[in-house]
Amino acid sequence: MLNEFRMQLPIFQFRDKIIKSIRENQVIIIAGETGCGKTTQIPQYIYENDSNLRIAVTQPRRVAAMTLAERCSLEKQTKLGQLIGYNVRFDDCTSKDTQITFLTDGMLIREFIVDQQLKRYDIIIIDEAHERTVQSDLLLGLLKNLCRKRKQLKVILMSATMQIEKFANYLETEAIHIIEARTHTVDVYNVPIRQQDYVESMVNTILQLHFTQPEGDILAFLTGQEDIEDVREILLERMKISNQEKQLEVKMLYSALPPEVQMEAFQKCVHRKVVLATNIAETSITIDGIVYVVDCGYVKIRSFQIGKAIDTLLLAPVSKAQAEQRAGRAGRQRQGQCYRLYTQQTYERLAKYMLPEILRVNLLSVILQMKAIGIQNVLTFDLIDRPDMELMLANLNQLVKMKALDSEFNLTQHGKNMSSLPLEPQFSHFLIKAYECGIYDLALNSISILQVENLFYFQRGSKENLQKILSKFKISNSDHLTKANILRKYEETQNKKSFCKENSLNHKTLQKAISVKQQLKDYMKRITQKEFEKEDYDKFKQVLSESLMFKHAFYSPQDQAYKLKQTNQLAYIHPESVLFNQKPKYVIYNEVILTKKVYLRDVTEIDEL
DNA sequence: GAGCACTGC
């Protein structure tokens, strides 16, 4: 039975219309802002109408998949994992009775590799399609194809109310439903003149807001750890000077913060709270009680420069859609206000949407996945936005060199094995080769710990300890081996928490590395039975060097920098490397990224190129 | 002598 709460949701009045539309069309589009109830209700409507159907609902983020399944289970008063369940990495909470499965986009792509017909499901819902992640774009392409082969299959695309025509054209459907949500209005204010420095401007706006506006918490959007810490320091200083009775609690929120510090941003405060956040607060996380939003107008974007073959992580203006999304965060509880630290004129000139991810990342692993799913010609595969042809061709040729594909671009057994691992292709290649050479534990430790980010956590200004800590674990002029050693020492230590504290390590991060290692170990069991171990660092380096065949660099004395073998690009060893300030002649690296300079991250010295 | 936003298998 439908309970009263469910009937009050905006989506409820569309129930019969949508059911009818699904019956009559193979592909339908449902657009509606967050809060209209589409994600929790539509799977249930479908099930209540025909209890034989098996439904998959995809989400870009794993927490969303888990909490949505929990929410729906509660509404249907069933046990989570029975009728309704979820399936995300490290956590499969489904059973043979499960008919509504919430899963991540990446998980459904994995299922495609196992069964290209996806016969396990009758209806597939792709949610949050407007976010345009690589995974959901790829899923749309795969499902568009599959619809021709499986006439009974139904596909529902759900998105915010943007780019709907584009989706509709691509999926060749006219069945579009737009659901209005009941949200509160947000008044938007722009600054009248262009601001020189958004940190200064941010501080002034927050303080002015604080001293003149009625109660309600503030959410401030900044770009990264550095400007968040700057704003915080200046705010605290000025609050001290002003000696006002009106207190202001300053909290921070960005992904490199340890989870326990992040939690502080969610606690209710006696006084007004201001949360200084990155775009983690844009979609991933919702904070209750926010009435005011301040938007600096910038965001850090990671892109892949095709010609130079390097990643960049640089500041860029937000898109209009992003600016709206940020403003919307003020209207979740009651009428809110949004202050933009840029002029109305600047706003008008912003791009409508951010460039979709598939057009700005390296596609090596996506191409391998596509081959594993059985796509013959990936170059002509019909995606909603086609990536650069040259890049895809270069990726194909790299996969040939790794022997993942043969010379006709057909998937080899090795490529099949590689695609079964949740790793970048060069690491899959490395792990498989390392097993063959009998250095599996060393390789597993190294790969697992390199998968996790924010291994260390330092308070501002205390980072001079880093090299001291690294030297305790250092092995053989290699970040790969040194980090493997950190994981091994962590595993061997009894009191893990104090071990982490002593060495400024992030406990949760290492926990994650452990579960990554266990998962990789399980996957590897299906590929090879070999499990013998010898501690051979030279062999390790040799196999690694061969696996990172496109990531070699040599020191160029006249440039006082490294030259990448592939492109002659100049780069510097990252300060977080054990090789920082040393100048080994030849190195291999995991990643080359432009931030303030072009840096090589995770570096190992080798004897020759 | 600098420090990387976010997400996923």
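See the structure above.
Residues numbered from 1 in each chain as written. Chains lettered and ligands numbered in written order. Predicted model: local features only at pLDDT ≥ 70, side-chain atom pairs only at ≥ 80, totals over all residues. Heavy atoms only, no water.

### Observations concerning the overall build of chain A
Stage number 1. Looking only at helices and strands, chain A features 22 helices and 21 strands.
Stage number 2. By residue count, 53% of the 609 residues in chain A fall in the buried class.
Stage number 3. In chain A, 71% of the contacts between residues at least 6 apart in sequence involve partners at least 24 apart.
Stage number 4. Here chain A displays about 28,800 Å² of accessible surface, and carbon together with sulfur accounts for 48% of that area.
Stage number 5. Of the charged side chains in chain A, 82 are positive and 74 negative; the average position of the first set lies 1 Å away from that of the second. (Helix = DSSP H or I, 4+ residues; strand = E, 2+ residues; numbered from the N terminus. Buried < 20%, exposed > 50% of the residue type's maximum accessible area, 1.4 Å probe, protein only. Contact = heavy atoms within 4.5 Å. Areas by Shrake-Rupley, 256 points an atom, 1.4 Å probe, with all protein chains shown as cover. Lys, Arg positive; Asp, Glu negative; His and termini not counted. Charge placed at Lys NZ, Arg CZ, Asp CG, Glu CD.)

### Remarks on the protein's contact with DNA strand B
Stage number 1. Around DNA strand B sit 31 residues in total, of which Arg 62, Ser 255, Leu 313, Tyr 599 and Arg 601 are the nearest.
Stage number 2. At the protein interface, 66% of the atoms of DNA strand B within 4 Å belong to sugar or phosphate.
Stage number 3. In the environment of DNA strand B, a phosphate oxygen lies 3.4 Å from a nitrogen or oxygen atom belonging to the backbone of Gln 225.
Stage number 4. Within the contact set of DNA strand B, a base nitrogen lies 2.8 Å away from a side-chain nitrogen or oxygen of Glu 591.
Stage number 5. Mapped by element, the contributors of at least two residues to the surface near DNA strand B are helix H5 (105–114), strand E14 (298–305) and strand E21 (598–606).
Stage number 6. Examining the composition of the surface near DNA strand B, we find that three residues originate from one element, H5, more than from any other.
Stage number 7. For the surface near DNA strand B, the residue count by class is 10 nonpolar, 11 polar and 10 charged. (Near = heavy atom within 4 Å. Polar contact = N/O pair within 3.5 Å; in protein donor to acceptor, adjacent residues only side chain to side chain. Nonpolar A, V, L, I, M, F, W, Y, C, P; charged D, E, K, R; others polar.)

### Notes on helix H8 (residues 198–212)
Stage number 1. For H8, which comprises 15 residues, the first-to-last C-alpha distance of 21 Å matches the rise-based estimate of 21 Å (1.5 Å per residue) to within 8%.
Stage number 2. Where H8 is concerned, the buried positions are Tyr 198, Val 199, Ser 201, Met 202, Val 203, Thr 205, Ile 206, Leu 207, Leu 209 and His 210.
Stage number 3. The residue sitting at the N-terminus of H8 and contributing the capping side-chain oxygen is Asp 197; that oxygen lies 3.0 Å from the backbone nitrogen of Val 199. (Expected span 1.5 Å × (residues − 1).)

### Regarding the environment of Thr 212
Stage number 1. Counting through the fold element by element, Thr 212 comes out in helix H8.
Stage number 2. A polar atom in the side chain of Thr 212 sits 3.5 Å from the side chain of Gln 213.

### Some remarks on unusual backbone geometry
The phi torsion of most residues other than glycine is negative, and most of the peptide bonds are trans.
Stage number 1. One non-glycine residue, Gln 77, lies in positive phi territory at about 55 degrees.
Stage number 2. Positionally, Gln 77 belongs in the loop between helix H4 (62–76) and strand E3 (84–88).
Stage number 3. What makes Gln 77 exposed here is its relative accessible area of 73%.
Stage number 4. Its identity is not glycine, yet Ser 504 carries a phi of approximately 55 degrees, on the positive side.
Stage number 5. Under the relative-accessibility criterion, Ser 504 is labelled buried at 19%.

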